Each structure stands twice: as C-alpha cells, then as structure tokens.
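# Structure at a glance
Residues per chain are reported as follows:
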Amino acid sequence: MKRLLALGAVVLTTAALAWAGSDAQPKSSGAPKPAITKAVKGERCVEDNDYMRRNHMKVLDHHRDETVLEGIRTKKYSLKECINCHASEKTGSVAAAKEDFCVSCHSYAAVKIDCFDCHSTKPQGSIAMHPLNAENTHYKHKLAAQANSKVSAEEMAGVAQ
Amino acid sequence: MSELKPMSDNTPSSPERRRFVGAATATAAGLTIAPGVMLYEVAHGRSEDQPASSAVRWGMLVDATKCATGCDDCVTACSTENGWTPVAESKHPKQAPQWIRKLELQDPLTQMETNLPMMCQHCAEPPCVDVCPTGASFKRADGIVLVNRHTCIGCRYCMMACPYKARSLVHEPLNDTQKPDVPRGIGCVESCTLCVQKVDRGDGNTACAEACTAAGHNALLFGDMNDPESEISRRLRELPTKQVRADLNLNLGVRYHGI
C-alpha cells in the first residue's frame, strides 16, 4: 500500500511539473536584450562603443574626481556630456523611463546606478539649447500666438468689410 | 579700479606681468566674436582643462551697512542658481537645506539693527575639513570649501564642527529636480560653494552678489583676495572689516564690514 501511495505521489508530481512546464511561456534565449538607442546628438562617442560599454564607469570615475577635487571641467568623459547626447527623445532624460539609455542596459545587467540620486538626468541648459528641440522651440508658442492673431486680424478685417 | 595699468607702472616682478597678461586676455575676451557670443573660456585666464590654482583665493566682502532690511534677493538667487528649495516652500522647514541665510540682528542696548547674509565662510583652516572622517569635506586649491558627495557618508560631523552653522544635510530624495550643473542629493551634506560652477565657467561672480548688485544694494563683492589689483582686495585695504568669530583664527574667505 505504502509503495502504491509513493508511486501515486511521484506520478502526480511529475504530471503537475509537466503541466506547469507546458503552461509556462515558450522559453526565449535569455533575458530580453536592452534597447540601445542611438544618441540623438553627435555622430560618434568619445571612444569606441565596445570600449565604452566595458569601461564607461572607469572614465567617468576618473573624470569626476578631477572635476570635483581640482575643478577640471573638460567635456570629454563628462557625465553631463553623456546626458546631453544620450537623453531620450521621448522623456528628455537618460534614466526616467525603462527604455532610456542608462536604465535599459543597467536593468539588463542588474547593476544599480546611483549617479542619478544626485545628478540630473536631463540635458543642461534651457530646453531651447538642447538639440532635441528645434531652434525656435522656446518661442514656438509666441509664433503660434502671432500666427493666430494674424488670422484673427484678417477675419476681423473681413467682418469689418 | 581699471584692470589695465599704465605701462610705466609695470614693475619687472612676475606677478605684475602675469596680471598685465591677464588683463590683456580679459580685454581681448571682451570682444564679441559674433553678436551675443563671447569668449567666456579665456575671460578669466583658466581654461577648462586647468585645475584650480592656489595663486587665486576666492572670497567675498559683505558690506553690512548696505545690506537692506527685508531684502533676501541673495537667498533667492542662490536657491535658483543651485536648485535648493527655499525654506518657506519646504515641507520640513526645520530641516530644509540653507546655503545662505539672511540675518537681522539688533543690539539690545542701542536697538541698532544690522542686516547681513550668513553662509559658508570658506575658512583657510576649515574645521569641517579637520573633522570629516572620509575626507569628503575638502578645500579646493583656490580656497573654496566643498563637499565631495561621492565620499560623503552623511555623518554630519562637519555640521557640528562648523562655527557658522553653514552646512545642511539633504533629508529628502530630490527626485531629479537638481540643476545639471549642481549635483546634490539625499544623505549628503552641502553648503555654499561660492557658485563653483560659475567660477569654473569664468563668470567671475556668484549668484548672490549678482542679485545684490541687480537690486542696487552692492552689499556683496566677490573676487580674488590674492590679487592685490582686484576690486575686493582694494576695498579690503580701504574698509575696516571683521571676520565672524575671529577668535577662532580660521582666516575666513568672507569678510564683513559694518558689524
């Protein structure tokens, strides 16, 4: 009897496992790959892509010490410049959404970034200065208002006549 | 006051020559290369790849006789430039960061009122640097006392050591509200940086001093205390000034007139 019970248990477990296996998602090849979007600004990075993928943290660390301690503020390897180029078109940030440049890779690699506890994730300067924005972005609303007022003026003239 | 001195006044000593060259560069930099575009980088002699130099000591002269009652333009300008929330707008005013604060003092005997801004005094011998267990609190070569937030552990020893209560701890997450030029964040101590981002850019002035001048009070003067030709050195030579808690012998970078 005991043997039968044990056999039954084994059969049940196997069946359950098989059912669970069949119900699970079809297995893809590993975790979903990060979406690496091309930098909005600039043609190429300050170093080769392969080098930057492996060593960006080293160059950033080195540069940050020079900047903070000595006041050297060169643009190459500056986090601010990374952000200026890599901020996403959608969010205007490198770390606001899951698909944003820094976050997409770091969540794939499961490496926590704490840069943005202190550093802004958005490009420097007014929005008008950022290449994402057309040159006249910051006064587009004024242009629109002008255009509107012109139309309304014509309409007004028409009404007057 | 003028930066260019007559050539006949030019002594053969090298600092004099350096000043002349500096003045010449500044004059050249004043030329616009295109309408509205200035050569900022060379305006104050230090290019962006050069480290801060100990030949310079940045400091500030506060003329308390000109500091106006009820005016806090310097405080507002500082919070705007550096991105800290003004105390009045903070959810927790008692623990809100204050990089600069306005003091209104009254002599209990004579009822004389004195107005002055109080902030990091940028000591030459800073107690905050002495006590920091991680070396995060440091004095830059050009005399600006800063906190390296990469090594600050938020222990707040420096806040206790500072005789001027100039430092604050950021208690709340800032949620990406920082200025790109001024990184600051939860768990780190911070204080007046003499607008180090502006200094490094070559603006040669701080947000508070700019605001004070714009308001027409001219109570704040920022400049190089090591350069005998600078406006601040000239005024320091002429005016009787005091260091707050001069008894501590800290050789302050911020000097007060009229207190």
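The number of helices and strands found in chain B is 7 helices and 12 strands. The buried share of chain B, taken over its 259 residues, is 34%. Intrachain contacts of chain B at a sequence separation of at least 6 include 59% that bridge at least 24 residues.

Within chain A, the secondary structure is distributed over 6 helices and 0 strands. Within chain A, buried positions represent 17% of all 161 residues. Sequence-distant contacts in chain A: of pairs separated by 6 or more residues, those separated by 24 or more amount to 52%.

Here we come to the sheet that holds strand E3 (residues 58-63) of chain B. All names here are of chain B. Strand order in the open sheet formed by 4 strands is E10-E3-E12-E11, with mixed pairing between adjacent strands. Of all strands in the sheet, those with a lone pairing partner are strand E10 (220-224) and strand E11 (241-242), marking the two edges. In terms of strand pairing, E3 meets strand E12 (residues 254-257) through 4 bridges, oriented parallel. From the neighbouring strand, aspartate 63 faces E12, where its bridge partner is histidine 257.

What follows is about the nonpolar core. Ranked by size, the top nonpolar core spans 49 residues in total, and within it Val62, Cys74, Cys78, Ile100, Cys208 and Leu220 of chain B carry the most contacts. Listing elements by their share of this core, those giving two or more residues are E3, helix H2 (73-82), strand E5 (113-119), strand E7 (145-147), helix H5 (196-201), helix H6 (207-214), E10 and E12 of chain B. Within the second largest apolar cluster, 11 residues are counted, among which are Val94, Phe101, Val103 and Cys115 of chain A.

Glancing now at the interface of chain B and chain A. If you look at the interface, chain B gives 19 residues, while chain A gives 18 residues. A class-by-class count of the residues in the side of chain B that touches chain A yields 6 nonpolar, 4 polar and 9 charged.

This part is about the confidence of the model for chain B. Residue and element names in this part refer to chain B. With 83% of its residues at a pLDDT of 70 or more, chain B shows a mean pLDDT of 87. Between residues 24-32, whose pLDDT stays under 50, and residues either more than four places distant or in other chains, the model counts 11 contacts. Within the model, pLDDT remains below 50 along residues 36-43, and this stretch shows 15 contacts once partners closer than five positions in the same chain are excluded. Interface confidence for the predicted complex, expressed as ipTM, amounts to 0.78; the pTM equals 0.74.

A bend of about 75 degrees at asparagine 55 of chain A is the largest found in helix H2 (residues 49-70) of chain A. Just downstream of H2 of chain A lies glycine 71 of chain A, where phi reads positive at about 80 degrees.

In this section: the pairing of E3 of chain B. Residue and element names in this part refer to chain B. Across the 6 residues of E3, 6 count as buried, placing the element largely inside the fold. Pairing geometry for E3 and E10, over 5 bridges, is antiparallel. Residue pairing across strands places leucine 61 opposite leucine 221, the latter belonging to E10.

Let us now look at H6 of chain B. Residues and elements named next belong to chain B. Burial in H6 covers these residues: Ala207, Cys208, Ala209, Ala211 and Cys212. Its buried side turned inward, H6 meets H2, strand E4 (100-106), E5, H5 and E10. Just downstream of H6 lies glycine 216, where phi reads positive at about 85 degrees.

Parameters at a glance
Residues numbered from 1 in each chain as written. Chains lettered and ligands numbered in written order. Predicted model: local features only at pLDDT ≥ 70, side-chain atom pairs only at ≥ 80, totals over all residues. Helix = DSSP H or I, 4+ residues; strand = E, 2+ residues; numbered from the N terminus. Buried ≥ 20, exposed ≤ 12 C-beta atoms within 10 Å, placed from the backbone. Contact = placed C-beta atoms within 7 Å. Pairing = 2+ DSSP bridges. Core = buried A, V, L, I, M, F, W, Y, C linked by C-beta atoms within 7 Å. Nonpolar A, V, L, I, M, F, W, Y, C, P; charged D, E, K, R; others polar. pLDDT = per-residue confidence, 0-100. Bend = angle between axes of the 7 residues up to and from the residue.

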